[in-house]
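# What the coordinates show
Now for the letters of each chain:
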Amino acid sequence: MGDDSEWMKLPIDQKCEHKVWKARLSGYEEALKLFQRIQDEKSPEWGKYLGLMKKFVTDSNAVAQLKGLEAALVFIENAHVAAKTTGEVVSGVVSKVFNQPKARAKELGTDICLMYMEIEKAEVVQEELLKGLENKNPKIVVACIETLRKALSEFGSKIVTLKPIVKILCKQFESREKAVRDEVKLLAVEIYKWIRDALRPPLQNINSVQLKELEEEWVKLPSSPPKQTRFLRSQQDLKAKFEQQQAHGEQSDGEDEEETVVAVDPYELLEAVEILSKIPKDFYDKIEAKKWQERREAVEAVEALTKNPKLENGDYGDLVRALKKVVGKDANVMLVSAAAKCLAALASGLRKKFGMYAGQVVPTILEKFKEKKPQVVQALQEAIDAIFLTTTLQNLSEDILGVMDNKNPSIKQQASLFLARSFRHCTQGTLPKGVLKPLCAALIKQVNDSAPEVRDAAFEALGTAMKVVGEKAVNPFLSDLDKLKLDKIKESADKVELPGGKKGAGGGGGAKKPAAKTPPPAEAPPKSSVPSKKSQTGAASKSSAVSKKCKPTAVASGKTKKSPDSKDFTEGELSIEVCEERAAGVLPASCLQQLDSANWKERLASMEEFQKAVETLNRTEMPCQALVRILAKKPGWKETNFQVMQIKLHIVALIAQRGQFSKTSASVVLDGLVDKIGDVKCGGNSKEGLTAIGEACSLPWTAEQVMSLAFAQKNPKNQAETLNWLANAMKEFGFTGINVKGFINNVKTALGATNPAVRTAAIALLGVMFLYMGACLRMFFEDEKPALLVQIDAEFEKMQGQSPPAPIRFTKKSAAEEEEEGDEGEEQEEDGAATAQDIMDLLPRTDISDKITCDLLSKIGDKNWKIRKEGLDETAAIVSEAKFITANIGDLPLALKARLSDSNKILVQQTLSILQQLSTAMGPGLKQHVKSLGFSIITVLGDSKANVRAAAMTTLQAWVEQTGMKEWLEGEDLSEELRKENPFLRQEVLGWLAEKLPAQITVPGDLITCVPQLYSCLEDRNGDVRKKAQDALPTFMMHLGYDKMDKAAGKLKTASKDQVVGMLEKARAVMPAKPAAPAKAGGGRGSAEPSRAASASKEPASEDFVDSKPEVKKVRGGAAGKKGAAGKKPAAKSQKDDEDKSGPIFILIPNSKEQRIKEEKQLKILKWNFTTPREEYVEQLKAQMSTCFAKWLQDELFHLDFQRHVRAIGIMIERLESESEATISCLDLILKWFTLRFFDTNTTVLMKVLEYLKLLLAMLDSENYHLTEYEANSFIPYLILKVGESKDVVRKDVRAILASMCKVYPASKVFPFLMDGTKSKNSKQRAECLEELGCLIEGYGMHVCQPTAAKSLKEIAVHIGDRDTSVRNAALNTVVAVYNVCGEQVYKLIGNLSEKDMSMLEERIKRSAKKTALAAAPAKASVPERSQREHPANPNGTFLRKPAQEDPNKLKIMYRTYRIQARQNAQHSESSHPSIPKEFQLDLDMIEMDQSRVCELPDLVQHKLEELLEPIMIPEPRMRSVSPHFDDLHNSTASTINFVISQVASGDINNSIQALAQIDEVLRQEDKAEVMSGHIDQFLIATFMQLRLIYSTHMADDRVDKRDIVKLYSCIIGNMLSLFSMESLAREASLGVLKDLMHGVITLMLDGRMEDIEDGQQIIRSLNLLVTRVLVKSDQTNMISALLVLLQDSLSTAAPPLFCELVIKCLWRMIRFLPETIDNINLDRILLDVHTFMKIFPKEKLKQLKSDVPHRTLKTLLHTLCKLRGAEILDHLSMIENRNESELEAHLRRSVKHNGNLCGLKSDRGNEKTGLCTEDRMSKAKVSDILTEIFKKIGSKENTKEGLTELYEYKQKYSDADLEPFLKNTSQFFQSYVERGLRLIESEREGKARIQTSGVIPQHGMDFSLSSSNEELKPAVYYERLKILRQRHGLENNSKGIGGSEDEPQQRPPTSSLLSSKPPVASSTDMLHSKLSQLKESRELYQQEHNAHSHSPTHAHTRSASPAANLDDLKKRLERIKSNRQ
């Protein structure tokens, strides 16, 4: 019992797994109770038992198993997650339950299986049960069969798939076990209940006794079909319906019964038999034998094989041709019959797969109907009927129409009877008017045939058609028949019985409305059994498969023709007497009397009365014909007074608008209206009248009458105006029902007219017709003169891309018509489709079948390829000559098909070219050749040669344009092609499908057959195939739905299934939306207006239509009123849209961009990389934008109209500043959308795009945002494409954008993109890219060249030999730019050049050197102005920002910007201001900006100071500057530093040394060193760039003196040591820069070449010292992180062991510092870096390394951190997103636990942070009060000196005091003042010489430059200063009030001379420029001091090098000026 008590305490789930059976039994019982208690099907409790279910049902103990089965059943019934266990549980039930002796166990097992089926897992259950049938234990087999039977009985044949069950029946009937045979017999009986006779064929081969027993059982079954009694969870509505029926006494629905009966097609249950291999080898010889007996043997052999009811698909072409030959040409009628039977059997066995051969066989069979022997005729009828079921009537109609005119009556009779039989199998959907119309026309001819049998057959065919599609649909075609014949047709229709007892669409008059609701025929293929309207739509769209180019857009908006019995308002002609009588009843007597008055005024008055009377009449009262006949009475249309005539014409329009206006009435007035249409004064009224008649009587009829009347006249003005009216009317009414053929004839007449106005009008009309008909309109005018064709083409070009306007006028309907509008909708739709077809039918086509001779075919099939080529050439010539051909081309398709597999690829390409010709020439008739020839084109897509595949794809696209996609997707042909394991074929076909499927509204159901092949392609070995399959997956899903695709995936192997299902989920997310079906537009007002309103609400384009409404209303008066009201809704809608647009255009979603980057990296979405954007990229972008963009903006961005794009970009520009943050969050999507626009050809959009991009980059720059790699990679390559644009204005903008790009993305990363751009085929692009590369190198130096300078230069130098001159010049300029940077070294970098190229380069370098020397002065002059204007957006920014705040990344590009801009500006400055020195231009600019108040000053004595300069000669200084225009350019501290730092990385060693010397001078003086703050990263980058340059270039170059290298190394190391001596500056070095610096220094230390150099050892010792100092002084966090990253990189790249060892040593040293530095370290950052390191190098990987030192180092680091921080260390893991990715956390926990020191080392960090670590530590509040008091004193005028002294003493006492909080809110000037004051006090106290100040900040180190020429310069300097001051205060110039505002800070920091020891400038002029620059600066600072009202004693503007005695006079004047201003 002890054991029992032990397991009884366990939880239920553990009991269920216990080894003791009693424990398990107890567990099952408790689980059963628990399952019954749980109410929520999604409760987490169910999940605990998910993995135990199989154990429940397979328990080894029978008692426990029984209870487990009960519990499992309850679980399955109630748990939401139960479906996941289906496979394993059912498998367990089959193997471990069905073999149990206990009946209860079997019963529970069956119930479990059925319950799984109920929860939607029928397929899995059925699969497991069928597997169970293969078990050797008969008990299991019997139980499985019984379960299947019960499932079928309860769930029915829709849930239980019968096909796999029927397949196993025969095998089970042969079982040795009687129990199995008995059970399978019961199953067969149950199956028979559901599918009836469909079960007989599969069971024909079982034992005859068993079959007989089955027959007996089947007979006993009730005739009523069974019903489903148990329902799936998803069928609860059916369950409710069933229960309701049960309650009401089993009432059944007839329709349901019928549906149930046809649920299974017997054919589907059969196994396909392969017969091609079984055909006797000598069959083809025997069939050609002369003896009929041999031929009979051959046919009989095939006949025996074809008796199999289902045949395997294959190539039956040869067999069909052989049998066709027998049918057509064999004289023996027995053989003809036998061959026909074979064809019938083949068609029945192959079904749709035989369709491709139908076109070959049917003409032969129809011709053979001339045979009169009944047995032959019967066999032929059976054959043609069987063939019809494999194809469509549309495909056979050409062949049938071809024999309808045959002279042999038997052929005509049998053709008509075939049509009658075929019609029975059709529905309204599959028999559209486009097909029915020509067939009815042919049958009507036969109705009048002399042979009675032909007439009877025609009556039967027409009667059957009437029965199927309805009397209403057929009547329009029977208008010419008399009543007797019509009655006979109706009688035939009444006799017709459709298969299955269906009702037709209405033969009798009363059956019209029910007919529309009649279901489709029962025996039609399942895919047609959809509601009739839907199928009709599909059929209509299929029948109108005109080429896309030719597809009329608005064809389907009304009826093609009015049927005679339609509700047109008709009336007979009235006599003039009757008219007068009726008119007198509605018109005043005076009006009638004065109509023909001789006085025009009386006639005018009469007309006015007439008009008033007409306006008061309502529609029913108005006698229209009477009124118009009265108007036509003398003088009628010959009226001479134009005023009378105008009113008369207006009255005609009113009558037509307001009355019931018939065609009879119209005939009265049309002649007069046409006669006046060309009249200048009356033409407008005439057109108004014609338009009104068009509304009343339909435009097609009116236009036809008007055109015939106009061209019957000789008046060219009338003809031209008629054409103009018609063009406008077409736009207003649409193209519905227009008689194109008639119009084209008239237009051709007009085009040949001598009057140019008529020709112009005709061409304009053609332009309007082009909108509706497309490119095929051009075909009608191929024969016109070339000059005329040019004009027509120009008009078509104008219309290209425009869509036809929505109709705004419609034919009015009578009340009776409005009632029947619903009935007519469907008819109109069909008519629309028929019209679409008719447009192509209008083309005159030639029958070329007689030219396809046997000789030609034998040539095409000849063994000699040259003769084959001749045959193909002849064929091409025949097709080309004929232009448009019929579909009948004889046996040519077979011959061409053979050539597509020709071994000679040239012939294959020629054949493809002929097939393209055929597609254009044949048009829609090509459809019937798709199966026989089209799929052979797809086979060619598998060719190994790319050019052949490309030709095949072009041909395929041409064919699809003509045929549509339906024919290609029907049947299994496409699936068969994809089954071929050819990677080329697969990727081409899948790519083609991915492109075409999204545009299809519907596709045939056969597409599902391609899905298994698609899944196979997803796992193909070829990457391209997999990619194409993934692209195609969403498009398949779009049509088939996710469920079908998922179901198909269920049949895959488990491994494949998991992979495919994952892809399906991804595809589901990006599945494109189905294109909407084209909206129906009826011919009448009622039906059309709602559709217009709908389109207006959906399409933004409708806004134009809404705007035009008021004008329409004015023209049309009252009639337009109703339509005007209809226009209000769209207007309101658009107003609402405008309101919506007020919200934000971008939605800021946190981390959305990061998520997109992550998804692209994980390949969840397509990478933005393409040659031209495919549809899937656009769809993906749309999907991504939908969450971040306002919907209305997205609609605008993806609108087809480019003007919408322009509007959208305009809005984005407006919101750029206000929504900058959101713009940055969506930046990647915005840039991607712009890349799509780069592929558009519209210049307007492109210019707007570039405008936005310039503003965007400026905004990003101002926000200090830098592009990510992700954004740059998806944008810059496409931007570079546009740099080669042909338009200069575009190229200019792109260049500007590329220049701005470097401000937001590193130039070194832009460089590779430009290098890729130089590989373009576009010469302009190559040239521009090379120019840009030159600018980058010129601006940034050689370090931008990526990956290496040598590699880049070699690629650039290749272009020196380019064919294009501009490319050569650009390449030479770029190499010259390199020469300017690195000198002679360029020759080594560019590698070997040809002699010619090298000579060109040398010449260019020489010329550039001369030009540089000549242009030096003007270039210098242009620089300062340019630098002044470089940052116009924020003139205050540079001055206000401290140097430390400048972004280091931006500093890299400053000098580059100057170089490029200065170079561009030099030309302008030379031309525009050649004579004015630049200094004075700058002053003028400053004066223009200065708007400060100018006081009235006393006139000073005007001395002639010019003389002072004349005798003085300024000697030329001897020392050379770094740059000839150093001082001119860099008139601010920041730019000066930038320039000097840029020189550090120079390729010229001397330049670099001079720059380093200057920086060293600054760094050595503590009071100056602070100016380097903010430039440290930039300086270090330049330094390690120089180190790399030395290492890779100088050291390897024998021409370089090694002493220079040592000197350069010494300078670099000296600078570094100075820099890292100052902790404040050293701490500014960032992580990445420190990492690169350490990498460079360590590499240098390991350089073996250093040992060979003199003093090399000394350098290495210095480097050791430098490394130590860097480790100590740098920011400790950055330093440790940098070393960790460096170690990680070195281990990853297998760096030398010594390198890793040195890095590790550095890390050990940093670890030793940790106890002192721990409080200043950001532990979160350090731990994040350790985490990254451990993620890349887990413990196992580290242990695999040769050395264990890295592992030990890492452990030591972590151990030290744990030791110092204890358990607190675990709180510093906040920056790590996923801690499980590495072992860091576990390691830390172990270390903390091991140390046992959870307290940590706590120190008073709070006090350390405040920095007040002195002995007398003060509280924060006290410190704040003291400093506040001190700063108040400094700010006051009286106590400023005292405040500065106190502040100095305070800082001495508390050296670490933080003054930042008190200074950060003050002005830059105040900060500088305080800083200067403190320095002065320090100088005084230390006894140093007083530092003289120039302006506000002291100018250091000036004496060196004045020592030699001080005396000579004095007059010039002070003369200039005085001149400037006089000019400023209006003493010398006329302009007053010019200058800068008082409170506006200047644009640059106040000094440029903080870098001491500047070498003297190159010339005396330069020296003068430098001093003048300083003078100007002091003037600015003086003004600033004055404005700030600071009276510091340091305001004297003196310099240390200038004796005071020489300044007395000037000082007095300055004081006087100052006192006056105050």
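Up top is the structure.
## Observations concerning the overall build of the protein
A tally of helices and strands in the protein yields 104 helices and zero strands. Relative to its 2022 residues, the protein shows a buried fraction of 53%. In the protein, the proportion of contacts linking residues at least 24 apart, taken out of those at least 6 apart, comes to 76%.

## Focus: the packing of aromatic side chains
Here the structure, examined in full by the defined rule, presents 25 aromatic pairs. Geometrically, the ring pair formed by Trp 959 and Trp 968 is edge-to-face, given 6.4 Å between the ring centres and 75° between the ring planes. Trp 968 shares its class with Trp 959; the two are buried. Taken together, Tyr 28, Phe 35, Trp 46, Tyr 49, Phe 56 and Phe 75 form an aromatic cluster joined through their ring pairs. A cation sits over an aromatic face here: Arg 1068 above Tyr 1042, 3.8 Å from the ring centre.

## Concerning the pattern of salt bridges
In this structure the tally under the stated criterion is 74 salt bridges. Close ionic contact of Lys 490 with Glu 471 constitutes a salt bridge, the shortest N to O distance being 3.3 Å. Here Lys 490 is found in helix H27 (residues 483-495), whereas its partner Glu 471 is found in helix H26 (residues 471-474), with 19 residues between them in sequence. Classification of Lys 490 by relative accessible area gives partly exposed; the value is 30%. Classification of Glu 471 by relative accessible area gives buried; the value is 14%. The salt bridge involving Glu 695 is made with Arg 809; its shortest N-O contact spans 4.0 Å. Here Arg 809 lies in the loop between helix H41 (786-799) and helix H42 (815-819) and Glu 695 lies in helix H36 (residues 683-697), a separation of 114 residues in the sequence. There is no split in this pair, since Glu 695 and Arg 809 are both buried.

## What about the nonpolar core?
Counting 98 residues, the largest nonpolar core has Met 1572, Phe 1620 and Met 1638 as the members making the most contacts within it. Sorting elements by how many residues they give to this core places helix H91 (residues 1697-1717) first, with 10 residues. Beyond its immediate chain neighbours, meaning those up to four positions away, Phe 1620 contacts Leu 1580, Ala 1626, Leu 1634, Leu 1637, Leu 1666, Arg 1669, Val 1670, Lys 1673 and Ser 1674. Counting residues in each nonpolar core, the second largest holds 96 residues, with Phe 1238, Met 1315, Tyr 1340 and Leu 1353 among its members.

## Examining helix H68 (residues 1243-1262)
Here H68 contains 20 residues, and its C-alpha end-to-end distance of 29 Å stays within 8% of the 28 Å for a straight helix at 1.5 Å per residue. Taken together, the buried positions of H68 are Val 1245, Leu 1246, Val 1249, Leu 1250, Tyr 1252, Leu 1253, Leu 1256, Leu 1257, Met 1259, Leu 1260 and Asp 1261. Regarding H68, its N-cap is Asn 1242, as a side-chain oxygen of that residue lies 2.9 Å from the backbone nitrogen of Thr 1244 further along. A positive phi of about 60° marks Asn 1264, the residue just after H68.

## A short note on the environment of Asn 1264
Looking at the element boundaries, Asn 1264 is found in the loop between H68 and helix H69 (1269-1273). The class for Asn 1264 is partly exposed, based on a relative accessible area of 44%.

## Brief notes about helix H54 (residues 1023-1040)
Here H54 spans 25 Å end to end across 18 residues, near enough to the 26 Å set by a 1.5 Å rise per residue. The sharpest bend along H54 reaches about 30° and sits at Ala 1032, with the proline Pro 1034 one to four residues further on. Those residues of H54 lying buried are Val 1025, Ala 1029, Asp 1031, Ala 1032, Leu 1033, Pro 1034, Thr 1035, Phe 1036, Met 1037, Met 1038, His 1039 and Leu 1040. Between a side-chain oxygen at the N-terminus of H54 and the backbone nitrogen of Asp 1024 the separation is 2.8 Å; the capping residue is Asn 1022. At the C-terminal side of H54, Gly 1041 shows a positive phi close to 90°.

## Here's the deal with the state of the cysteines
Evaluated as defined, the whole model comprises zero disulfides. With no disulfide of its own, Cys 1226 lies 4.5 Å from the sulfur of Cys 1188, the closest cysteine sulfur. The class for Cys 1226 is buried, based on a relative accessible area of 0%.

## Remarks on the environment of Gly 156
If you trace the backbone, Gly 156 turns up in the loop between helix H9 (138-155) and helix H10 (162-173). On the basis of relative accessible area, Gly 156 is assigned to the buried category, the value being 2%. Residues Gly 156 and Gln 228 lie 72 residues apart in sequence; the distance between their C-alpha atoms is 5.1 Å.

Parameters at a glance
- Position labels on residues start from 1 in each chain and follow its written sequence.
- Whole-chain, interface and lining totals are the exception, using all residues; otherwise, since this is a predicted model, local features are given only for residues with pLDDT of at least 70 and side-chain atom pairs are given and counted only at 80 or more.
- As a rule here, side-chain values come from all non-hydrogen atoms in the structure, and water together with hydrogens is ignored.
- Under the scheme used here, helices are H or I runs from DSSP no shorter than 4 residues and strands are E runs no shorter than 2 residues, and both carry numbers assigned from the N terminus.
- When accessible area is computed with a 1.4 Å probe and restricted to protein chains, residues below 20% of their type maximum are described as buried, those above 50% as exposed, and intermediate ones as partly exposed.
- Here, residues are in contact when the closest pair of their heavy atoms is within 4.5 Å.
- Centres within 6.5 Å are what make two rings of Phe, Tyr or Trp a pair, Trp counting through its six-membered ring; a difference in plane orientation under 30 degrees is then read as stacked, over 60 as edge-to-face, and the rest as tilted.
- Geometrically, a lysine NZ or arginine CZ counts as sitting over a ring once it is within 6 Å of the ring centre and also within 35 degrees of the ring normal.
- Salt bridges are identified by distance alone: a Lys or Arg side-chain nitrogen within 4 Å of an Asp or Glu carboxyl oxygen.
- Among buried residues, the Ala, Val, Leu, Ile, Met, Phe, Trp, Tyr and Cys ones that are joined through side-chain atoms within 4.5 Å form a nonpolar core.
- In this analysis, the expected span of each helix is defined as 1.5 Å times one less than the number of residues it contains.
- Whenever two N or O atoms come within 3.5 Å, that pair is a polar contact, provided that in protein one can donate a hydrogen and the other can accept it, and provided that, for residues adjacent in sequence, both atoms are side-chain atoms.
- The bend reported for a residue corresponds to the angle between axes fitted to the seven residues ending at that residue and the seven starting there.
- Criterion for a disulfide: a pair of cysteine sulfur atoms within 2.5 Å.

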